[in-house]
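Overview (structure and organization)
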Amino acid sequence: MKGGKSKTETRSSKLSVAKKPAKAAGRSKAAAKDPNKPKRPASAFFVFMEDFRQTYKKEHPSNKSVAAVGKAGGEKWKSLSDSEKAPFVAKADKRKVEYEKTMKAYNKKLEEGPKEDEEESDKSVSEVNDEDDADDGSDEEEDDD
């Protein structure tokens, strides 16, 4: 080349102008997930898959592929009639009703706000433990050489 830019250099400079910020940065603004929030209930298909996985593993003990189990389960689910799906749909509906009850209780608890017992002090757990260790009178940490 005689001092000119190569094709790759010109392409990369054009592409770098059109770059957008990563979407992951936007997630940091979202509220953190509450570990106490109840999990959503499984759909009828997933209730079916719970049973199907066990039977499939018994019939195919050498198969370790998750994808194969999922694919076979999906094909089996599609082949089932509505009457054959009914027990799984009923279980899923029952779980959904239970979930709605627990969500109502959960939301009620959130509206009431944190209880006095649940509030944490300014001290971390390690500081509290350090104080307890100092108060018990044991000399475990001291080495007399």
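Conventions used here
- Residues numbered from 1 in each chain as written.
- Predicted model: local features only at pLDDT ≥ 70, side-chain atom pairs only at ≥ 80, totals over all residues.
- Heavy atoms only, no water.
- UniProt positions renumbered as here; feature names shortened; annotations may be inferred.
- Core = buried A, V, L, I, M, F, W, Y, C linked by side-chain atoms within 4.5 Å.
- Buried < 20%, exposed > 50% of the residue type's maximum accessible area, 1.4 Å probe, protein only.
- Helix = DSSP H or I, 4+ residues; strand = E, 2+ residues; numbered from the N terminus.
- Contact = heavy atoms within 4.5 Å.
- Salt bridge = Lys/Arg side-chain N within 4 Å of Asp/Glu carboxyl O.

In the nomenclature of an unreviewed UniProt entry, the protein corresponds to HMG box domain-containing protein from the organism Brassica carinata. For the record of the protein, the UniProt heading Sequence similarities (unreviewed entry) holds the text "Belongs to the HMGB family."

1. Observations regarding the nonpolar core
Counting residues in each nonpolar core, the largest one holds 11 residues, listed as Ala44, Val47, Phe48, Met49, Phe52, Tyr56, Val69, Trp77, Leu80, Phe88 and Ala92. Elements supplying a minimum of two residues to this core: helix 3 (44–59), helix 4 (66–79) and helix 5 (82–112). Looking at which element gives the most residues to this core, the answer is helix 3, with 6 residues. Residues within four places of Ala92 in sequence aside, it is in contact with Ala42, Ser43, Ala44 and Val47.

2. Observations regarding the pattern of salt bridges
A complete count under the given rule lists 2 salt bridges for this structure. Put simply, Glu50 and Arg95 hold a salt bridge, and the shortest N to O gap is 3.1 Å. Of this pair, Glu50 sits in helix 3 while Arg95 sits in helix 5, and the two are 45 residues apart along the sequence. Residue classification places Glu50 among the partly exposed positions, given a relative accessible area of 33%. The class of Arg95 is partly exposed, set by a relative accessible area of 29%. Residues Lys91 and Asp51 are paired through a salt bridge, measuring 3.9 Å at the closest nitrogen-oxygen approach. In this pair, Lys91 sits in helix 5 while Asp51 sits in helix 3, placing the two residues 40 residues apart along the sequence. Lys91 gets classed as partly exposed once you look at its relative accessible area, which sits at 41%.

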